[in-house]
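Residue strings, one per chain:
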Amino acid sequence: MNGSDEPAELARQMREKAQQLAEAAERATDPEERQRLEKKSRTIRDRSEQQSGMAAGDVYPQK
């Protein structure tokens, strides 16, 4: 993997982790655990979008 592929790969891994957390949240029976997993999933997904933007050369990632 070369240096230019690393940010894109990191963003992909983050999206996969966010998806796994979202699926775990759907299966969670405890409302607090579900909320915690959903929040963590959203946070990771937001970070992956920022990482993706930086990989694409976007100097000002959306917030």
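See the structure shown above.
Residues numbered from 1 in each chain as written. Predicted model: local features only at pLDDT ≥ 70, side-chain atom pairs only at ≥ 80, totals over all residues. Heavy atoms only, no water.

### What to know about the side chain of Ser48
Piece 1. Take Ser48: it is sitting in helix α2 (residues 31-55).
Piece 2. At a separation of 2.8 Å, a polar atom in the side chain of Ser48 contacts the main-chain carbonyl oxygen of Arg45. (Helix = DSSP H or I, 4+ residues; strand = E, 2+ residues; numbered from the N terminus. Polar contact = N/O pair within 3.5 Å; in protein donor to acceptor, adjacent residues only side chain to side chain.)

### So, the nonpolar core
Piece 1. Within the largest apolar cluster, 7 residues are counted, these being Met14, Ala18, Leu21, Ala25, Ala28, Leu37 and Ile44.
Piece 2. Contributing elements (two or more residues each) for this core: α1 (6-27) and α2.
Piece 3. Of the residues forming this core, the biggest block, 4 residues, is contributed by α1.
Piece 4. If sequence neighbours within four positions are ignored, Ala25 has contacts with Arg34, Leu37 and Glu38. (Core = buried A, V, L, I, M, F, W, Y, C linked by side-chain atoms within 4.5 Å. Buried < 20%, exposed > 50% of the residue type's maximum accessible area, 1.4 Å probe, protein only. Contact = heavy atoms within 4.5 Å.)

### Quick look at α1
Piece 1. The first and last C-alpha atoms of α1 sit 32 Å apart over 22 residues, in line with the 32 Å expected at 1.5 Å per residue.
Piece 2. The complete set of buried residues in α1 reads Ala11, Met14, Ala18, Leu21 and Ala25. In an axial view of α1, the angular spread of the buried residues amounts to 85°, which keeps them on one side of the axis. The exposed residues of α1 that point more than 90 degrees off its buried face are Glu26 and Arg27. (Expected span 1.5 Å × (residues − 1). Arc of directions from axis to C-beta.)

### Some points on the environment of Ala11
Piece 1. As for its position among the elements, Ala11 is in helix α1.
Piece 2. A residue is classified by how much of its surface remains accessible, and Ala11, at 1% relative accessible area, is buried.

### Examining the environment of Met14
Piece 1. By the element assignment, Met14 lies in helix α1.
Piece 2. Along the sequence, Met14 and Ser48 sit 34 residues apart, while their C-alpha atoms lie 5.5 Å from each other.
Piece 3. The contacts of Met14, once residues within four sequence positions are left out, are Ile44, Arg47 and Ser48.

### Focus: the pattern of salt bridges
Piece 1. Enumeration according to the criterion identifies 3 salt bridges in this entry.
Piece 2. Glu9 is the salt-bridge partner of Arg12, the closest N and O atoms lying 2.4 Å from each other. In this pair, Arg12 and Glu9 both sit in helix α1, 3 residues apart, roughly one turn of the helix.
Piece 3. Residue Glu9 is classed as partly exposed on the basis of its relative accessible area of 21%. (Salt bridge = Lys/Arg side-chain N within 4 Å of Asp/Glu carboxyl O.)

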